[in-house]
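Take a look at the letters that make up each chain.
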Amino acid sequence: MEKYRKTIKKRMILCGILAAVSVGLGIFHQSEFFDLVSFATRNEAVAGFQAGLLSGFGILALFLLYKYGIAIKDETKIKMLYNKEHDERQNLIRQKAGMPLLMITSCIMIFAGIIAGYFNEIIFYTLVLAAMIQLTLGAMVKIYCMKKM
Amino acid sequence: MQSKHCKHDLNEGLYVNTKIKELRKQRKLSQEELALAVGTTRQTITSIEVGKYTASLVLAYKIARYFNLTIEEVFDFTEIDEMN
């Protein structure tokens, strides 16, 4: 359990960094300085999507920071967290839903879509939509497996 | 020949009946407490009790050991024996 406690502390540091980076990038994104350094025409759809994604990451990071902060103070809670992460039934459900490969490919597609969005709006929409559909299907399979198992 | 009472779950295995619920009630133990003790979640214990999920060998051993019983005393393998 000590080893897991150290893992949680590392995750808390990463979450803190992610939250700070999200806020920093968000401010940079909204500032006039972004328009000066932009090398392509600023696409409002891509900019809006980026802003939303950054906000989402920031909120997620803060939520995880809070959750881990609570768990690390209580031995029972940290044990429950450990059990939840290493539960065989949950791992089986994740496997059947295609995790973590599905998540990785979806993230790559979204990232590629954001980059492509600076040059071609259609490619941006296509990639982001494909990633969303992929994630939705994975979630549906996960929910189905959770009900059946 | 396969017994008509045998069911197949998403584990592609067979359902195994258990006495976990009775054992828990005898010891006035909640699902949460048992889950914490054997290193799993309450949802997994629920699924095992209702027969939706079949525990792995390691989890079955942990549960049996917690109750100071053998695996065969906690899990009912009658249907599997009938199949053979």
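Keep in mind the model is a prediction, meaning the values are calculated, not measured.

What counts and what doesn't
- As a convention, each chain's residues are numbered from 1 in the sequence order in which they are written.
- Note on labels: chains are lettered from A, ligands numbered from 1, in written order.
- It should be noted that, the model being predicted, local features are given only for residues of pLDDT at least 70 and side-chain atom pairs only at 80 or more, the latter also being counted only at that level, while totals for whole chains, interfaces and linings use all residues.
- Note that water and hydrogens are dropped before the side-chain values are worked out from all heavy atoms of the structure.
- Disulfide assignment relies on a single distance test, namely cysteine sulfur atoms paired within 2.5 Å.
- Buried means the residue's accessible area, taken with a 1.4 Å probe over protein chains only, is under 20% of the maximum for its type, while exposed means over 50%, and partly exposed covers the values in between.
- Helix axes are fitted to C-alpha atoms over the stretch in contact, other axes to C-alpha atoms as well, and angles between N-to-C directions run from 0 to 180 degrees.
- Segments assigned H or I by DSSP are reported as helices when at least four residues long, segments assigned E as strands when at least two residues long, and all are numbered from the N terminus.
- By definition in these notes, contact holds between two residues if any of their heavy atoms fall within 4.5 Å.
- Each residue is assigned to one class: nonpolar for Ala, Val, Leu, Ile, Met, Phe, Trp, Tyr, Cys and Pro, charged for Asp, Glu, Lys and Arg, and polar for all the others, Gly among them.
- In this scheme, roughly parallel covers angles under 35 degrees and roughly antiparallel covers those over 145, while 65 to 115 is roughly perpendicular and the rest are oblique.
- By the definition used in this description, the sense in which the near helix is turned from the far one sets the handedness, with an anticlockwise turn below a right angle giving left-handed and a clockwise turn giving right-handed.
- The aromatic pairing rule takes the rings of Phe, Tyr and Trp, using the six-membered ring of Trp, and pairs them if the centres are within 6.5 Å, calling planes under 30 degrees apart stacked, those over 60 edge-to-face and the rest tilted.

(A) Expanded view of the state of the cysteines. Residues and elements named next belong to chain A. The final tally for this structure, using the stated rule, is zero disulfides over all chains. Cysteine 107 takes part in no disulfide bond, and the closest cysteine sulfur to it belongs to cysteine 15, at a distance of 15 Å. With a relative accessible area of 43%, cysteine 107 lands in the partly exposed category.

(B) Representation of the packing of helix H3 (residues 44-73) of chain A against helix H7 (residues 121-148) of chain A. Residues and elements named next belong to chain A. Close contact between H3 and H7 brings their axes to 10 Å; oriented N to C, the two are set at 35 degrees. The segment H3 lies against H7, with Ala45, Val46 and Phe49 engaging Glu121, Phe124, Tyr125, Val128 and Met132. The class makeup of the residues in the contact of H3 with H7 is seven nonpolar, no polar and one charged.

(C) Spotlight on the packing of helix H2 (residues 31-38) of chain B against helix H4 (residues 57-66) of chain B. Residue and element names in this part refer to chain B. Interaxial distance between H2 and H4 falls to 10 Å at its minimum, and their mutual angle equals 115 degrees. In terms of orientation, H2 and H4 fall into the roughly perpendicular class. At the point where H2 passes H4, the crossing takes the right-handed sense. Facing H2, whose interface residues are Leu34, Ala37 and Val38, H4 presents Leu59, Lys62, Ile63 and Tyr66. The class makeup of the residues in the contact of H2 with H4 is six nonpolar, no polar and one charged.

(D) Quick peek at the packing of aromatic side chains. Residues and elements named next belong to chain A. This model, assessed by the stated rule, comprises four aromatic pairs over all chains. On the numbers, 5.0 Å between centres and 80 degrees between planes, the contact of tyrosine 4 with tyrosine 82 is edge-to-face. Residue tyrosine 4 is located in helix H1 (residues 2-30), and its partner tyrosine 82 is located in helix H4 (residues 75-86); the two are separated by 78 residues in the primary sequence. Judged by its relative accessible area of 6%, tyrosine 4 is buried. For tyrosine 82, a relative accessible area of 31% gives the class partly exposed. Between phenylalanine 49 and phenylalanine 124, the ring centres sit 5.4 Å apart and the planes meet at 80 degrees, which makes this aromatic pair edge-to-face. Of this pair, phenylalanine 49 sits in helix H3 while phenylalanine 124 sits in helix H7; the two residues are 75 residues apart in sequence, bridging distant segments of the chain. By way of ring pairs, the aromatic residues Phe49, Phe124 and Tyr125 are connected into one cluster.

(E) View of unusual backbone geometry. The residue after methionine 99 of chain A, namely proline 100 of chain A, is reached through a cis peptide bond having omega 0 degrees. The backbone phi angle of lysine 28 of chain B is positive, close to 55 degrees, even though this residue is not glycine. Residue position: lysine 28 of chain B is located in the loop between helix H1 (20-26) and H2. Judged by its relative accessible area of 75%, lysine 28 of chain B falls in the exposed class. Located in the positive-phi region is asparagine 68 of chain B, a residue other than glycine, with phi close to 60 degrees. By secondary structure assignment, the location of asparagine 68 of chain B is in the loop between H4 and helix H5 (71-74). Asparagine 68 of chain B sits in the exposed class, given a relative accessible area of 71%.

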